Amino acid sequence: AEEGLAQVELAPALALLLASKDSAELNCIKRAAVFSAVLLTKQLVPRIEGVIDEEARVSHEALAQETEDAFGDPKKLGLNLSAENLEPCYSPIIQSGGAYNLKPSAYSNNANLASGGTITLSLGARFKSYCSNVGRTLLINPSKEQEKNYKLLSELQIEAIDALKVGEKLSAVHAAVLSKLRNKAAHLEKHLTRDCGFAMGLEFREAALLLNAKCEARVKPGMVFNVAVGLADLEAKDVPDASSRKYALFLSDTVLVSEAGANEVITAERAPKAWKDVSYYLNDDEEEEAAK
């Protein structure tokens, strides 16, 4: 009796149907995003700064666990949120020392935090089951080439966010980023992450709504995306310390698509990412040089 009936995959259509969030859902996502950003800037980054300053030996795994433990006391971070409504989307990802995986499925390994090079950070909070995400890169004693590449990555992320225009295909985001990269630094194309993020909601990563070269779904107002771009497997030949030469750069933010005008980058204000906010010059001779 069922012969001749076509089988249709409902998941992509359902994901698109649920992608635009109402005001109650957006309120939950915004609270989750604020918590993610504050957790990163008030807990994780100062802890990393302390580890490096004290030349302590602390593993990425231990730092991730400490960060996850902070979900239990949001008031300590100055946020009036109930811990009962908060949970991590995944275990925080902290990577350094030349070994980086910029995929959402990455994890913090048991190697100790490196005191030089780049440190990539990624964490995401749920509030009442709704997801958010933020990712940053800290650069210790960076070279001029690393500074140039970081600022380029920042431009690529802005390009991705601006390309999320109502009615456009999701694939247009990846195309805009690729076009910008080819125009400004074509030699880095092979280092660019395969996609530029994904839609979020009750699902952390909507597999049917990826910001890649193939997704034909259209952008709708009220959609929320994790806009994430990275450059992997880079080598800084102008860095004196050989152990810090292999590096990666990564940025991600929770972005709300607006009906008209600029999209809202919910995590940006609480988790700054300008060069001055993420670069650290720790060697005395470099500090003296910078002061001249």
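Predicted, not measured: the structure shown is a model, and the values here were computed from it.

Draft legend 1. Inspection of the packing of helix α4 (residues 144-163) against helix α5 (residues 171-185) at higher detail. One can describe the packing of α4 onto α5 by two numbers: an axis separation of 8 Å at closest approach and a directional angle of 150 degrees. Between α4 and α5, the angle falls in the class roughly antiparallel. The crossing of α4 and α5 is right-handed. Contact with α4, carried on its side by L152, E155, L156, E159, A160 and A163, involves A172, V173, A176, V177, K180, L181, K184 and A185 of α5 and no other residues of that element. Taken together, the residues of the contact of α4 with α5 break down into 10 nonpolar, no polar and four charged.

Draft legend 2. Main features of the pairing of strand β9 (residues 246-256). Burial of β9 is extensive: 10 of the 11 residues sit out of reach of the surface. Two strands pair when backbone bridges link them, and strand β8 (residues 224-235) and β9 are joined in this way by 10 bridges, in the antiparallel orientation. Counted as the bridge partner of V227 is D253 from β9. Summarising the sheet, β9 and strand β10 (residues 264-265) pair through two bridges and their orientation is antiparallel. Paired with V255 across the strands is V265, a residue of β10.

Draft legend 3. Structural view of the pattern of salt bridges. Inspection of every chain in the model, using the stated rule, returns 12 salt bridges. A salt bridge links E216 to K169; its shortest N-O distance comes to 2.7 Å. Of the two residues, E216 is situated in the loop between β7 (197-199) and β8 and K169 in the loop between α4 and α5; the sequence distance between them amounts to 47 residues. Between K273 and D253 there is a salt bridge; the shortest N-O distance is 2.6 Å.

Draft legend 4. A look at the nonpolar core. The biggest cluster of nonpolar side chains holds 91 residues, and the ones touching the most others in it are F35, I48, I119, L121, L164 and F225. Take this core: its biggest share by element is 15 residues, from helix α2 (residues 23-54). Among all residues touching F225, those that are not within four sequence positions of it are L164, L170, F198, A199, M200, L209, L211, D253, T254, V255 and V257. Judged by nonpolar contacts, the second largest core, of six residues, contains Y100, A232, A248 and F250.

Draft legend 5. Representation of the packing of α2 against helix α3 (residues 60-69) in the model. Where α2 contacts α3, the axes come no closer than 10 Å and their chain directions differ by 145 degrees. Note that α2 runs across α3; the crossing there is right-handed. On α3, the residues touching L39, Q43, L44, R47, I48 and V51 of α2 are L63, E66 and T67. Split by residue class, the contact of α2 with α3 holds five nonpolar, two polar and two charged.

Draft legend 6. Representation of the layout of surface pockets. Each pocket or cavity is described by its volume, and for the second largest pocket that value is around 470 Å³. Taken together, 27 residues line the second largest pocket, and the ones lying closest to its centre are L102, K103, P104, T193 and D195. Every element with two or more residues in the lining of the second largest pocket is listed here: β2 (93-95), β3 (117-123), β7 and β8. Here the lining of the second largest pocket is composed, by residue class, of 12 nonpolar, 10 polar and five charged.

Draft legend 7. Structural context of the side chain of N141. Looking at where N141 falls in the secondary structure, it is placed in the loop between β6 (134-140) and α4. Among the residues examined, N141 registers a relative accessible area of 18% and is labelled buried. Polar side-chain contacts of N141 include one of 2.6 Å to the backbone nitrogen of L282.

Draft legend 8. Looking closely at the environment of S36. Looking at the secondary structure, you find S36 in helix α2. Considered as a pair, S36 and A125 are 89 residues apart in the sequence and their alpha carbons are 5.5 Å apart. When neighbours within four sequence positions are excluded, S36 is seen to be in contact with L123, G124, A125, S132 and V134.

Draft legend 9. Representation of unusual backbone geometry. Here S129, not a glycine, exhibits a phi torsion of approximately 80 degrees, which is positive. Here S129 shows up in the loop between β4 (125-127) and β5 (130-131). Its relative accessible area of 34% is what places S129 among the partly exposed residues. With phi around 55 degrees, D233 is a residue other than glycine that occupies positive phi space. Inspection of the secondary structure assignment puts D233 in strand β8.

So, how was this worked out
Residues numbered from 1 in each chain as written. Predicted model: local features only at pLDDT ≥ 70, side-chain atom pairs only at ≥ 80, totals over all residues. Heavy atoms only, no water. Axes fitted to C-alpha atoms, helices over the stretch in contact; angles between N-to-C directions. Helix = DSSP H or I, 4+ residues; strand = E, 2+ residues; numbered from the N terminus. Parallel < 35°, antiparallel > 145°, perpendicular 65-115°, else oblique. Left-handed = near helix turned anticlockwise from the far one by under 90°. Contact = heavy atoms within 4.5 Å. Nonpolar A, V, L, I, M, F, W, Y, C, P; charged D, E, K, R; others polar. Buried < 20%, exposed > 50% of the residue type's maximum accessible area, 1.4 Å probe, protein only. Pairing = 2+ DSSP bridges. Salt bridge = Lys/Arg side-chain N within 4 Å of Asp/Glu carboxyl O. Core = buried A, V, L, I, M, F, W, Y, C linked by side-chain atoms within 4.5 Å. 1 Å grid on protein atoms, 1.4 Å probe; cavity = no way out; pocket = protein on both sides within 12 Å on 5 of 7 lines; lining within 4 Å. Points joined across faces, edges and corners; volume = space filled by probe spheres on them. Polar contact = N/O pair within 3.5 Å; in protein donor to acceptor, adjacent residues only side chain to side chain.

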